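Residue strings, one per chain:
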Amino acid sequence: MPGTKRENIKQGLRVKVVKKQHQRSGELTEGVVSKILTNFSTHPHGIKVMLEDGTVGRVKEIVS
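Calculation notes
- Residues numbered from 1 in each chain as written.
- Predicted model: local features only at pLDDT ≥ 70, side-chain atom pairs only at ≥ 80, totals over all residues.
- Heavy atoms only, no water.
- Salt bridge = Lys/Arg side-chain N within 4 Å of Asp/Glu carboxyl O.
- Helix = DSSP H or I, 4+ residues; strand = E, 2+ residues; numbered from the N terminus.
- Buried < 20%, exposed > 50% of the residue type's maximum accessible area, 1.4 Å probe, protein only.
- Core = buried A, V, L, I, M, F, W, Y, C linked by side-chain atoms within 4.5 Å.
- Contact = heavy atoms within 4.5 Å.
- Pairing = 2+ DSSP bridges.
- Axes fitted to C-alpha atoms, helices over the stretch in contact; angles between N-to-C directions.

A. Structural context of the pattern of salt bridges. Within the structure shown, the criterion is met by 1 salt bridge. Between Glu30 and Arg14 there is a salt bridge whose closest N-O contact spans 3.4 Å. Here Glu30, found in strand 2 (residues 28-36), pairs with Arg14, found in strand 1 (residues 14-18); they are 16 residues apart in sequence, far enough to count as distant. For Glu30, a relative accessible area of 40% translates into the label partly exposed. Residue classification places Arg14 among the partly exposed residues on the basis of a relative accessible area of 33%.

Take a look at the structure:
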């Protein structure tokens, strides 16, 4: 499931995000959502979230 819709993303969900510095390479980081940072209902590049470890990135994949 793509991470472009805010309604699909909840705290505690396991996701794969791309950090800003990895946008060109597309390297994904997996983690659990602690905060949703995007206020819009959709975003073409993915909803921006903060993971439990403090990583900030845009959701590319929802794992579970």
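B. Layout of the nonpolar core. One finds Ile9, Leu13, Val15, Val17, Val33, Ile47, Val49, Leu51, Val59 and Ile62 forming the largest nonpolar core, which totals 10 residues. With residues up to four places along the chain from it excluded, the contact list for Ile62 reads Met1, Pro2, Asn8, Ile9, Leu13, Arg14 and Val15.

C. Structural context of the sheet that holds strand 3 (residues 48-51). Judged by pairing direction, the barrel is antiparallel, and its 4 strands sit side by side in the order 1-2-3-4 before closing back on the first. Across the sheet, the mean angle from the axis of one strand to that of its neighbour is 75 degrees, orientation sign disregarded. With 3 bridges connecting them, strand 3 and strand 4 (residues 56-62) associate as antiparallel partners. Across the sheet, Lys48 pairs through a bridge with Arg58, a residue of strand 4.

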